There are 2 protein chains.
Amino acid sequence: MPGVRVDSWVLMPSSVEVAGVTWQAFAILCHTGSMPRARSRDGARRRATITDVAAAAGVAASTVSRAFTRPDRVNHRTREHVLAVAAELGYAPNPAARALESGRTNTLALLVPDITNPYFSGVIKGAERAAAAAGLTLVLGDTQENPATEEQLIRRLGPAVDGFVLSASRLPDDELRRAAELNPIALVNRATPGLACVVADFDTGTRQIVDHLASLGHESLVFLGGPPESWSGARRWAGLRVAAEARGLAATRFGPYTPTLGGGPAAADAVLAAGATAVVAHNDMLAIGVMLRLAERGVAVPDDVSVVGFDNIVGSDFCSPTLTTLAERTEDAGARAVEAVAAQVLSRVDDPPTRVLPTQLVVRRSTGVRGG
Amino acid sequence: MPGVRVDSWVLMPSSVEVAGVTWQAFAILCHTGSMPRARSRDGARRRATITDVAAAAGVAASTVSRAFTRPDRVNHRTREHVLAVAAELGYAPNPAARALESGRTNTLALLVPDITNPYFSGVIKGAERAAAAAGLTLVLGDTQENPATEEQLIRRLGPAVDGFVLSASRLPDDELRRAAELNPIALVNRATPGLACVVADFDTGTRQIVDHLASLGHESLVFLGGPPESWSGARRWAGLRVAAEARGLAATRFGPYTPTLGGGPAAADAVLAAGATAVVAHNDMLAIGVMLRLAERGVAVPDDVSVVGFDNIVGSDFCSPTLTTLAERTEDAGARAVEAVAAQVLSRVDDPPTRVLPTQLVVRRSTGVRGG
DNA sequence: GTGAAAGCGCTAACAA
DNA sequence: TTGTTAGCGCTTTCAC
């Protein structure tokens, strides 16, 4: 009934079958005043649909749709009215229905190996912010450091999202490329040719670490490696090696160790046995674990041993001694990755770029003059 | 064309309009052998739909649907065949389409005030796990400690999810109830009559804290308050007060302070000015901030002042001295809340329960004998 | 500038 | 057991 206007509201009951339950639905015809929202028989409110709004506003559903999505193609007054009615009914467009039509869900998925790892908090936060700014919803997935879980999530979430941000992905290159054929993908701290990547500038960062240690008189360093599959870990070690050679320092890799506090004792003991004066740990948690063990064994940091970490996590600023560490711009990384995916969603990008983000050496109390 | 079977595959081109772009779609009729997936003209793969699978398998779309959702209502052989074809085409059901039909999205939203706050990591992790176990997708939202953002997120995500888990919600009770009429809601660490809640047992927890301090000879304590709107904060102070009175200790509240490291200096200085021997901080971050300031001012913890926190965050185990704190079962809380929402999604729950989770006092090095 | 109608991918009622 | 059909809420031609 197009153009219907009523001064008071009218309830038009009709039963609707949803999910096997019969709902008592009401078309509410109204154009002014406050009113109860549609209610199903059991008392739960039924969400207003575009049809409800159209009926209540006395226009066609297509006009309501345009009022929301093509403001310029609707009479100004009509639009105002429609929006007012919609607000009154508490109407919000159903994303699922939109997605069905357009094929776009306005949703991005972010997959991280471990949500509780403070390192990923920054990536999540940055991604969340960028997604919100772009009007996109972010779905978060925890792969539990497991490639199989990661693959399963990608498959399951695939049809529901417009693209993926994969942080520290454990998937082989060819699997990533296959997934990228169905959904745009951006990688964080993982480089795969042909895919959009956001990586930290480990080359410069590790050089800074080596320079710092060299300037304190250290002539050698030990790298305490993390998980062998870690792309970042490989880059860190590679960078340290090159930089150390350039500065004439001896660099040795120990490990792999668990990149957690728990990995500390084994690593620290190995460091002591080797008589190293400077150690660079795979990440901050391992570095802190190492320092705890060194303290336990009566070794002074930094006087006897200097310790450097990676990540600048919360806690590296209040552990004892405070930790010298290489900070990455994790929030930036998350945000850039989201932007990269969003760009690919809007239009096919032929040669997705690799973005390198600067790192920053944060010097605190865990590093000092050799034999100081 | 029902029942069509072909021995080799046949491509039936037809153009499809999606998102304003004309796609070259192919119906693939086949029942054996490997085949290329549907491709649009620009080379990007088109996701296979139920129709593609039906055509390729030589059955009706509804049969494909049943093969996935009602295994028992399909001939075993047919189902096998359909699933094989589906796998070959890389078919996965489109959740948006399912949602449109059923009204259920199989998605839950979890809203937290600050994703990077380690306290919420546990809640997130637990919720994520429980959701995955229930076959639900979890959407994560960051309200930025802002009631307006929280409300907006609820409104925007509402139609896209089956329910909400609200952690440390800042919304007033009546707004929560209004939102609960449209979507099932479970609250974490926030009690609102009529809604499902999961809260920590602060009464017992604070009693444990007071008992611990009393047993060390302390005769009074200072509570360093956090944000005034914090429900947990109010509960913590209320519990401490009651327990202190019961044990004959004097309890005073200072603050409010920012519940971060940055809130430490002001709080610590106030503590020193008051000559307190035992302080209980709103949370661990504040407690650690206080300890940093005390160290800076040459005050010994725990010999001069004992310090207790709340949350048992990562870092409370490696700050200096390590922190005595009341641990909550945050992962459990997240999981229980998800279960509570899921239960309400499946069937209306008339009187949603409040679940109280036990807390645990973790005694470390920051508390000691008074004047020790 | 607006309405009618078709259709997105899927499920569920009804037929066969 | 399986196919046909209608319709979920929305957007988008295509008329008017």
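Residues numbered from 1 in each chain as written. Chains lettered and ligands numbered in written order. Predicted model: local features only at pLDDT ≥ 70, side-chain atom pairs only at ≥ 80, totals over all residues. Heavy atoms only, no water.

For chain A, an unreviewed UniProt entry supplies the name LacI family DNA-binding transcriptional regulator and the organism Nocardioides conyzicola.

Draft legend 1. Highlighting the packing of helix H1 (residues 50-57) of chain A against helix H3 (residues 76-89) of chain A. All names here are of chain A. Packing of H1 against H3 leaves a shortest axis separation of 9 Å and a crossing angle of 120°. In terms of their interaxial angle, H1 and H3 are classed as oblique. Of the two elements, H1 crosses H3, and the hand of that crossing is right-handed. Contact residues: Asp52, Val53, Ala56 and Ala57 in H1; His81, Val82, Val85, Ala86 and Leu89 in H3. Counted by class, the contact of H1 with H3 contains seven nonpolar, one polar and one charged residues. (Axes fitted to C-alpha atoms, helices over the stretch in contact; angles between N-to-C directions. Helix = DSSP H or I, 4+ residues; strand = E, 2+ residues; numbered from the N terminus. Parallel < 35°, antiparallel > 145°, perpendicular 65-115°, else oblique. Left-handed = near helix turned anticlockwise from the far one by under 90°. Contact = heavy atoms within 4.5 Å. Nonpolar A, V, L, I, M, F, W, Y, C, P; charged D, E, K, R; others polar.)

Draft legend 2. Layout of the interface of chain B and chain A. Between chain B and chain A, the contact holds 55 residues from the first and 58 residues from the second. Here chain B packs against chain A, burying approximately 4,800 Å² in sum over the two surfaces, 59% of which is carbon and sulfur. By the criterion of area lost to chain A, the three top residues of chain B are Arg47, Leu182 and Phe318 of chain B, representing 15% of everything that side buries. The interface formed by chain B and chain A contains four salt bridges. (Buried area = accessible area lost by both parts, 1.4 Å probe. Salt bridge = Lys/Arg side-chain N within 4 Å of Asp/Glu carboxyl O.)

Draft legend 3. Local environment of the pairing of strand E12 (residues 324-328) of chain B. Residue and element names in this part refer to chain B. Counting buried positions along E12 yields five of five residues, so the element is predominantly enclosed. Two strands pair when backbone bridges link them, and strand E11 (residues 306-310) and E12 are joined in this way by three bridges, in the parallel orientation. By the bridge assignment for E12, Val308 is matched with Thr324. As paired strands, E12 and strand E14 (residues 359-362) are joined by four bridges and run antiparallel to one another. Residue Glu328 lies in a different strand from E14, and its bridge partner there is Thr359. (Buried < 20%, exposed > 50% of the residue type's maximum accessible area, 1.4 Å probe, protein only. Pairing = 2+ DSSP bridges.)

Draft legend 4. Region of interest: the protein's contact with DNA strand D. Lining the immediate environment of DNA strand D, one finds 26 residues, of which Ile50 and Arg98 of chain A together with Thr63, Asn75 and Thr78 of chain B sit closest. Here, DNA strand D places atoms within 4 Å of the protein, and 65% of those atoms are sugar or phosphate. A distance of 3.3 Å separates a base nitrogen of DNA strand D from a polar backbone atom of Ala97 of chain A. A distance of 2.8 Å separates a base nitrogen of DNA strand D from a polar atom in the side chain of Arg66 of chain B. Where the surface near DNA strand D is concerned, the elements lending two or more residues are helix H2 (61-69) and helix H4 (95-102) of chain A together with helix H2 (61-69) and helix H4 (95-102) of chain B. With four residues, the single largest contributor to the surface near DNA strand D is H2 of chain A. Classifying every residue of the surface near DNA strand D by side-chain character gives ten nonpolar, nine polar and seven charged. (Near = heavy atom within 4 Å. Polar contact = N/O pair within 3.5 Å; in protein donor to acceptor, adjacent residues only side chain to side chain.)

Draft legend 5. Region of interest: the environment of Arg129 of chain B. Examined against the element boundaries, Arg129 of chain B turns out to sit in helix H5 (residues 118-133). Sequence-wise, Arg129 of chain B and Leu89 of chain B are 40 residues apart; in three dimensions their C-alpha atoms are separated by 30 Å. Non-local contacts of Arg129 of chain B, meaning those with residues more than four positions away in its chain, are made with Gln144 of chain A together with Glu331 of chain B. Of the polar contacts made by the side chain of Arg129 of chain B, one reaches the side chain of Glu331 of chain B; its length is 3.1 Å.

Draft legend 6. Structural view of the relation of the copies chain B and chain A. With an axial shift of 0.1 Å and an RMSD of 0.2 Å, the rotation relating chain B to chain A amounts to 180°. Such a combination of turn and shift is consistent with a two-fold rotation axis. The fraction of interface residues of chain B whose copies in chain A are also interface residues reaches 100%, indicating that both copies meet through the same surface. (Least-squares fit on C-alpha atoms with pLDDT ≥ 70 in both.)

Draft legend 7. Structural view of the UniProt feature "domain: HTH lacI-type" (unreviewed entry) in chain A. The UniProt entry lists residues 48-102 of chain A under the feature "domain: HTH lacI-type" (unreviewed entry), expressed in the numbering used here. Structurally, residues 48-102 of chain A is divided into 71% helix and 0% strand, and its ends, taken at the C-alpha atoms, are 21 Å apart. (UniProt positions renumbered as here; feature names shortened; annotations may be inferred.)

Draft legend 8. Looking closely at the nonpolar core. Membership of the largest hydrophobic core comes to 54 residues, with the highest contact counts inside it found for Leu110 and Ile124 of chain A together with Leu110 and Ile124 of chain B. Other than its neighbours up to four places away in sequence, Ile124 of chain A contacts Leu110, Val112, Ile115 and Leu140 of chain A together with Ile115 and Leu140 of chain B. Counting 51 residues, the second-largest nonpolar core is a separate cluster that includes Ile288 and Leu323 of chain A together with Ala267 and Leu323 of chain B. (Core = buried A, V, L, I, M, F, W, Y, C linked by side-chain atoms within 4.5 Å.)

Draft legend 9. Geometry of the packing of H2 of chain B against helix H3 (residues 76-89) of chain B. Residues and elements named next belong to chain B. Where H2 contacts H3, the axes come no closer than 9 Å and their chain directions differ by 95°. The pairing of H2 with H3 is recorded here as roughly perpendicular in orientation. Residues Thr63, Val64, Ala67 and Phe68 of H2 lie in contact with H3, whose contacting residues are Thr78, Arg79, Val82, Leu83 and Ala86. A class-by-class count of the residues in the contact of H2 with H3 yields six nonpolar, two polar and one charged.

Draft legend 10. Geometry of the side chain of Ser316 of chain A. Residue and element names in this part refer to chain A. Within the secondary structure layout, Ser316 lies in the loop between strand E11 (306-310) and strand E12 (324-328). At a separation of 3.2 Å, a polar atom in the side chain of Ser316 contacts the side chain of Asn312. Within polar-contact distance, the side chain of Ser316 engages the backbone oxygen of Ile313 at 2.7 Å. When residues no more than four places from it in sequence are discounted, the contact partners of Ser316 are Asp284, Ile288, Thr322, Leu323, Thr325 and Arg364.

Draft legend 11. Spotlight on the sheet that holds strand E8 (residues 220-224) of chain B. All names here are of chain B. The strand order E9-E8-E10-E11-E12-E14 describes an open sheet built from six strands, whose pairing is mixed. Every interior strand has two partners, whereas the edge strands, strand E9 (250-254) and E14, have only one. Adjacent strand axes in the sheet meet at a mean angle of 20° when their direction is disregarded. Where helix H10 (residues 264-274) meets the sheet, its contacts fall on E8, E9 and strand E10 (278-281), and the angle it forms with E9 comes to roughly 140°.

Draft legend 12. Here's a closer look at the sheet that holds strand E14 (residues 359-362) of chain A. Residues and elements named next belong to chain A. The strand order across the open sheet formed by six strands is E9-E8-E10-E11-E12-E14, and the pairing between neighbours is mixed. Two strands bound the open sheet, and with one partner strand each, they are strand E9 (250-254) and E14. The mean inter-strand angle of the sheet, taken between neighbouring strand axes irrespective of direction, is 20°. Each of strand E8 (220-224), strand E10 (278-281), E11, E12 and E14 touches helix H8 (residues 202-215); the most contacted strand, E12, lies at about 165° to it.

Draft legend 13. Summary view of unusual backbone geometry. Residue Ser320 of chain A is joined to Pro321 of chain A through a cis peptide bond whose omega torsion reads -5°. Following Val301 of chain B, the chain continues to Pro302 of chain B via a peptide bond in cis, the omega torsion being 10°. For Pro302 of chain B, the position within the fold is in the loop between helix H11 (284-296) and E11. Despite not being glycine, Ala168 of chain A has its phi angle at roughly 50°, a positive value. Among the structural elements, Ala168 of chain A can be located in the loop between strand E5 (163-167) and helix H7 (173-182).

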